[in-house]
Amino acid sequence: MLNILAISGSLRAASTNSALVEALAGNAPSDCRVEVYDGLGGLPIFNPDDEGERTPPEAVKLIDAVTQADGVIVSCPEYAHGVPGGMKNALDWLVSRDAAVGKPAMLVHASPRSLYARAALAEIMRTMSFALYEGAALEIALLGKKPAETEMILGANRQAMRDAVQAFAGFIRSR
Ligand SMILES: Cc1cc2nc3c(=O)[nH]c(=O)nc-3n(C[C@H](O)[C@H](O)[C@H](O)COP(=O)(O)O)c2cc1C
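Quick caveat, the model's predicted, so the values are computed rather than measured.

## Observations regarding empty space enclosed by the protein
Applying the stated criterion to the full structure yields two cavities of 30 Å³ or more. Lining the largest cavity, in full, are Val74, Ser75, Cys76, Leu107, Val108, His109, Ser114, Ala117, Arg118 and Leu121. Broken down by secondary-structure element, the contributors of at least two residues to the lining of the largest cavity are strand E3 (71-75), strand E4 (104-109) and helix H4 (115-127). Along the lines of polarity and charge, the residues of the lining of the largest cavity split into six nonpolar, three polar and one charged. Taken as a whole, the second largest cavity holds about 30 Å³ of empty space. What lines the second largest cavity is Asn17, Cys76, Pro77, His109, Ala110, Ser111 and Ser114. Residue composition of the lining of the second largest cavity, grouped by class: three nonpolar, four polar and no charged.

Here it is as structure tokens:
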């Protein structure tokens, strides 16, 4: 059984990225457990002075979750051609540790746009030494959709979601 941690970069209650990671968790192949990280909004702003023994408990929880996961899936919106602060903040807490080093990671997309954020996230995560899986990129066009419509579209894409996680699991196992 592989344990995969899924992170949404949006804090919006009706977030399409959060709906996508929840749907990935709900439709995971039988040999994968996808757990959704829910601590993004509670993380203190990263400060290198607060590392080591002073690392805040919320950050310790994130670091432990990434360390224990076999792989990480990120679904993140784009704000002003960049990565939203909350997502970048979470990644910053992982920079000067071993948690991300060689950790398989996959980006999935809830918007057909967001090309700057996709490129930036890939660059950031590669720089942090995540092992970025760039095979089957999952993109489900949920941009601007309300929750009911989002649920309907996700429901119609169960197989695509399962296939994407299965492909990522294959990548994890091949390493
Ligand atoms: C402040 C702000 C800035 C945004 N800037 C961009 C942008 O530069 N490019 C883009 O493609 N979408 C942009 N968007 C749209 C979001 O990326 C899009 O609505 C996304 O699907 C929201 O994700 P969520 O539903 O998970 O919150 C922006 C949205 C907000 C709120």
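## Quick look at the nonpolar core
Counting residues in hydrophobic clusters, the biggest one holds 30 residues, and the most contacted among them are Val74, Leu91, Leu94, Leu121 and Phe130. Elements with a minimum of two residues in this core: strand E1 (2-8), helix H2 (57-68), E3, helix H3 (85-92), E4 and H4. Formed by 29 residues, the second largest nonpolar core is a distinct cluster that contains Ile4, Ala19, Val21 and Val108.

## Focus: the layout of surface pockets
The space that makes up the largest pocket amounts to roughly 280 Å³. What lines the largest pocket is a set of 15 residues, and nearest its centre among them are Asn17, Pro77, Glu78, Ser111 and Leu143. Among the residues making up the lining of the largest pocket, the classes are represented as five nonpolar, seven polar and three charged. Volume-wise, the second largest pocket comes out at about 150 Å³.

## Quick notes on the packing of H3 against H4
Direction vectors running N to C along H3 and H4 enclose 10°, while the axes themselves pass 11 Å from each other. On the basis of their axis angle, the class for H3 and H4 is roughly parallel. Of H4, the residues touching H3 (which contributes Met87, Lys88 and Leu91) are Leu121, Ile124 and Met125. Looking at the contact of H3 with H4 residue by residue, the class counts come to five nonpolar, no polar and one charged.

## So, H3
The set of residues buried in H3 consists of Met87, Asn89, Ala90 and Leu91. Against E1, H2, E3 and H4 lie the buried residues of H3.

## Topic: the environment of Arg175
Structurally, Arg175 is set in the segment after helix H6 (158-173). Separated by 44 residues in the primary sequence, Arg175 and Ala131 place their C-alpha atoms 9.5 Å from one another. Those residues in contact with Arg175, other than ones at most four positions away along the chain, are Gly102, Pro104 and Ala131.

## Structural notes on the site of the ligand
For the ligand, the set of nearby residues contains 13 residues, the closest of which are Ser10, Arg12, Ser15, Asn17 and Glu78. Within the side chain of Ser10, one N or O atom sits 2.7 Å away from an oxygen atom of the ligand. Interatomic distance of 2.6 Å between a side-chain N/O atom of Ser15 and an oxygen atom of the ligand. Contact with the protein chains hides 69% of the accessible area of the ligand, taken as 640 Å² for the molecule alone. Cavity membership is defined here by more than half of the atoms lying within 2 Å of grid points; on that basis the ligand lies in the largest pocket. The residue makeup of the shell around the ligand, split by class, is four nonpolar, six polar and three charged.

## Topic: the pairing of E3
When you tally the buried positions in E3, you get five out of five residues, the bulk of the element. Bridging between E1 and E3 involves five bridges; their strand directions are parallel. Residue Ala6 lies in a different strand from E3, and its bridge partner there is Ile73. Direction of pairing for E3 relative to E4: parallel, over a ladder of four bridges. Within E4, the residue paired with Ser75 across the bridge is Val108. Handedness of the crossover joining E3 and E4 through H3 is recorded here as right-handed.

What counts, and where the lines are drawn
Residues numbered from 1 in each chain as written. Predicted model: local features only at pLDDT ≥ 70, side-chain atom pairs only at ≥ 80, totals over all residues. Heavy atoms only, no water. 1 Å grid on protein atoms, 1.4 Å probe; cavity = no way out; pocket = protein on both sides within 12 Å on 5 of 7 lines; lining within 4 Å. Points joined across faces, edges and corners; volume = space filled by probe spheres on them. Helix = DSSP H or I, 4+ residues; strand = E, 2+ residues; numbered from the N terminus. Nonpolar A, V, L, I, M, F, W, Y, C, P; charged D, E, K, R; others polar. Core = buried A, V, L, I, M, F, W, Y, C linked by side-chain atoms within 4.5 Å. Buried < 20%, exposed > 50% of the residue type's maximum accessible area, 1.4 Å probe, protein only. Axes fitted to C-alpha atoms, helices over the stretch in contact; angles between N-to-C directions. Parallel < 35°, antiparallel > 145°, perpendicular 65-115°, else oblique. Contact = heavy atoms within 4.5 Å. Near = heavy atom within 4 Å. Polar contact = N/O pair within 3.5 Å; in protein donor to acceptor, adjacent residues only side chain to side chain. Areas by Shrake-Rupley, 256 points an atom, 1.4 Å probe, with all protein chains shown as cover. Sits in = over half its atoms within 2 Å of the grid points. Pairing = 2+ DSSP bridges. Right-handed = clockwise from strand over helix to strand, strands pointing away.

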